[in-house]
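Below, each chain spelled out in residue letters.
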Amino acid sequence: MNWIKDLTKKLKPKLENLFNKKSTLPDNLWTNCASCSNIIYREDIENNLYCCTNCQEPQQILPRKRFEILFDEGTYEELETPRLSSDPLNWSDISSYKDKVKKARKKFNQRHAALLAVGSINKMQAVVYCMNQKFLGGSVGIEEGEAFVFACKYAVEHNLPFIAFPQTGGQKMQHSAFALMQMPKSIIGLQMLEEKGLPAIIMATSPVAGGVTASWFYGPSVFVFAESENTKIMFAGPGVIKRTIGEDLPSGFQTAGYLLKKGFVDRIIHRKNHREELSNLLSILLNLEIKKAEDTTDAAEQNTVSPQQIISA
Amino acid sequence: MQYLDFEKELEQLDSNIENLKNPFENTGLSSLNNEEIQKAQSEIDKKTSEIYQSLDGWKKTKVARHSERPKSNFYIENIFEHFQPISGDRLFGEDEAIIAGFAKLESQSVLVLGQEKGRDTESRLKRNFGMMRPEGYRKCIRLMKLAEKFKIPVITFIDTPGAYPGKGAEERGQAEAIAKSIDCCLSVSQPIISVVIGEGGSGGAIALATSNKVLMLEHAIYSVISPEGCASILWKDASKSKEAAESMQITAQNLLGHQIIDEIIQEPLGGAHRNPKEAAIHIKQSLVENLKSFSGKSADEILKERKDKFLSIGTKLPEETNIFNHENAMYFSRKSFIKNKKAFIILGALILVGTIMWWLY
Ligand SMILES: [Zn+2]
């Protein structure tokens, strides 16, 4: 089967260029599992919550896909985040940063690397901050940082729990010190939730690195989960370590499974169990009745009060 | 004195003045030509001031990392009295990359936390070149909590290439330690004042610089990644460090302009390493004044001011700084290029068809 993959891989960009067409990534027939490197039929994994049909490894997905499979009936409200500067230093290296931002915005139909949504997970309403690593590395700059604080404030105002799905290379170098300052800023956001007694859950999705790991990922009172044992979680990446001190890292290092053993991850929760386990934990923490995934329709009939009211009560 | 690559002229002038000051060895004269020495000295001062007034980001990086630049240890000895060093995180070990202890600043009790790079090979190894491990941050957290208990303000000296990247540091939770240190800084209801004395390297620096007042020495730098690191990632060429240093706007002057830091402390002529004692006096004056500005402020005010400051950084910039006109211009030029490209293809095809027809018939 390999030759088919190779052929489509080679031909696709050429054909696209020929017809001057935008990338149609989600419509590819085949995809390659990053974990077991099996070639899998895209339609099959779509029906499997975007997990490999062979090894069950969750594949990287875009925020809106994440929202669709996380929230009840795939419905949610996307929140618009504050519009701030996307290029404060007028950055240019081998190419102009403005162009890159513009392209990424167009390609993903999102303003910056993070998307924000509010919706119900098994009737448990939550604010969800989700990152897209394909959007310029998912790096955190002024807007991603502001969106994080905005999400925390929104959760506090509406008395809702907060869930974040980081997926990032760390702080945005093109924003320099402005990016660095997002570290304390995001922790201030989490402190607001802490003061209000609202839970904050971080669900790591591969990879998480740099300043994000060293700020909100391990922020005050957060629960740190990962969707796979193989999820990459690190502060300094293997390249940085090699470059700085010449040390090679053993294989399997800086994975969620390894960090679980070292005491730096609370638990691995597979994507298939996100809805049930996250809503259960939130219900327990907020002292609410636990709703089973199956009887969402029943629950709707039994309960005359909306989840929003239950939480605010 | 170690001269930097842009100080060649100063090196020459310095050696000239040494000759003038040492006439017995060189010319056999028996008395000093004071007038000549004075003239030479004022020439050196003029040249030094010229060079140091126009340092770019990369030159400042070199000054900030100068091996003879005074380090935390020197400032602690020369600014505070009765320093009481305290060690250990009570969990794993003692990190000598950070000097910690309680002391008096004039009559005020303070907690001092100083990142120390070391000043010779031996001390640099002992201090791990100022790269803190998780234990170091945990020691600081322990002591900041004590400072909170005893109602003592905190002063931190920032001078690090970054937090230590390595297997041990990673598996003992470097990221967790930094996050908790930032969280702790934001929870202390006493004033925290940070002075970036050399290199403010990324997460390793912000962990102890989440402060009410961030002061920077005139030639210090502060950035999210080293210019070398940035160059090798974004330019894919480590030799582009100068460009990276410029683009990242890492100087005290840049950062004051961006309202990321609060104050610049003037350095002696030609940098702190040319007159460490004077640099210490300047820092001391600024620390005393800044601490005074907090007298009478409540714990809530101190906490709120610090949080508000960090929340507002970067939010006052206009949306899409400098973007729109430029972007639109780019957009239209590309669009017209695409249109032209299509026209060229059609024209080419017509010519081709025409040629074939002409050739066939
Ligand atoms: Zn697989």
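Residues numbered from 1 in each chain as written. Chains lettered and ligands numbered in written order. Predicted model: local features only at pLDDT ≥ 70, side-chain atom pairs only at ≥ 80, totals over all residues.

## Let's talk about the overall build of chain B
Heads up, the rule is: Strands are runs of DSSP state E lasting at least two residues, helices are runs of H or I lasting at least four, and both sets are numbered from the N terminus onward. Exposed residues have 12 or fewer other C-beta atoms within 10 Å of their own C-beta, buried residues have 20 or more, and partly exposed residues fall in between, where C-beta atoms are placed from the backbone.
Secondary structure summary: chain B contains 16 helices and eight strands in total. Taken across its 361 residues, chain B has 42% of its residues classed as buried.

## Digging into the environment of Lys240(B)
All names here are of chain B. Just so we agree on the cut-off: Two residues qualify as a contact pair if the distance between their C-beta atoms, derived from the backbone, is within 7 Å.
Within the secondary structure, Lys 240 is located in the loop between helix 11 (227-235) and helix 12 (241-248). Its 19 C-beta neighbours within 10 Å are what place Lys 240 among the partly exposed residues. In the structure, Lys 240 is positioned 39 residues away from Gly 201 in sequence and 18 Å away in space, judged by C-alpha atoms. Ignoring sequence-local partners within four residues, the contact set of Lys 240 consists of Ala 231 and Trp 235.

## A short note on the environment of Lys145(B)
All names here are of chain B. The residue Lys 145 is located in helix 7 (residues 134-150) in this model. Overall, the presence of 12 C-beta atoms within 10 Å leaves Lys 145 in the exposed class. Sequence separation between Lys 145 and Ser 189 is 44 residues, and the spatial gap between their C-alpha atoms is 9.9 Å.

## Some points on the pairing of strand 6 (residues 213-217) of chain B
Residue and element names in this part refer to chain B. What counts here: DSSP calls a pair of strands paired once it identifies at least 2 bridges connecting them.
Within strand 6, five of the five residues are buried, leaving the element largely enclosed by the surrounding structure. As defined by bridge partners, strand 5 (residues 192-201) adjoins strand 6 across four bridges and the pair is classed as parallel. Following the sheet pairing, Ile 193 is matched in strand 6 by Lys 213. Here three bridges tie strand 6 to strand 8 (residues 263-265), and the two strands are oriented parallel to one another. Looking at the pairing, Met 216 lines up with Ile 264 of strand 8.

## With respect to the confidence of the model for chain A
All names here are of chain A. Short version of the rule: Think of pLDDT as the predictor's per-residue confidence, scored from 0 to 100.
Scored by pLDDT, chain A comes out at a mean of 87, with 85% of its residues at no less than 70. When mean pLDDT is taken per element in chain A, strand 6 (residues 162-165) scores highest with 98 and helix 12 (residues 307-312) scores lowest with 39. The low-confidence segment residues 296-313 (pLDDT under 50) makes 17 contacts with residues lying over four places distant or belonging to another chain.

## Remarks on the domain arrangement of chain B
Just so we agree on the cut-off: Residue ranges labeled as domains rest on an automatic or database domain assignment.
Taken domain by domain, chain B consists of domain 1 (8-54) and domain 2 (63-312). Between domain 1 of chain B and domain 2 of chain B, the C-alpha centre-to-centre distance is 36 Å.

## Digging into the confidence of the model for chain B
Residues and elements named next belong to chain B. Considering every residue of chain B, the mean pLDDT works out to 90; 90% of them sit at 70 or more. Ignoring residues within four places in sequence, the model shows residues 322-336, a span with pLDDT below 50, making seven contacts including any to other chains. Scoring the predicted complex yields pTM 0.86 and, for the interface, ipTM 0.86.

## Some points on the interface of chain B and chain A
Note the cut-off: Residues are grouped as follows: nonpolar covers Ala, Val, Leu, Ile, Met, Phe, Trp, Tyr, Cys and Pro; charged covers Asp, Glu, Lys and Arg; every other residue, Gly included, is treated as polar.
Opposite the 50 residues of chain B that make contact, chain A presents 51 residues. If you list the elements that add at least two residues to the side of chain B that touches chain A, you get helix 8 (167-171), helix 9 (174-185), helix 10 (202-206), strand 7 (221-223), helix 11, helix 12, helix 15 (299-312) and helix 16 (324-360) of chain B. A total of eight residues in the side of chain B that touches chain A trace back to one element, the largest contributor, which is helix 9 of chain B. Classifying every residue of the side of chain B that touches chain A by side-chain character gives 25 nonpolar, 15 polar and ten charged.

## With respect to the domain arrangement of chain A
All names here are of chain A. Splitting chain A by domain gives domain 1 (1-59) and domain 2 (71-312). Residue-level contacts link six residues of domain 1 with six residues of domain 2. Looking at side-chain class alone, the side of domain 1 that touches domain 2 contains three nonpolar, two polar and one charged residues.

## Regarding the nonpolar core
To keep it simple, the criterion reads: Linking buried Ala, Val, Leu, Ile, Met, Phe, Trp, Tyr and Cys residues through C-beta atoms within 7 Å yields a set, and such a set is a nonpolar core.
Among the nonpolar cores identified, the biggest contains 158 residues, and Ala151(A), Phe162(A) and Met216(B) are the most heavily contacted of them. Top contributing element to this core by residue count: helix 5 (residues 142-157) of chain A, with eight residues. Setting aside anything within four residues of it in sequence, one finds Met216(B) in contact with Val196(B), Tyr222(B), Ala252(B), Leu255(B), Ile261(B), Ile264(B) and Ile265(B).

## Brief notes about the sheet that holds strand 3 (residues 77-79) of chain A
Residues and elements named next belong to chain A. Spatially, seven strands are ordered 3-4-5-6-7-8-9 in an open sheet, and the strand pairing comes out mixed. Whereas interior strands pair on both sides, the edge strands pair on one side only; in this sheet they are strand 3 and strand 9 (267-268). Examined bridge by bridge, strand 5 (residues 124-131) and strand 6 share four bridges and lie parallel to one another. Looking at strand 6, one finds that Val 127 is bridged to Phe 162.

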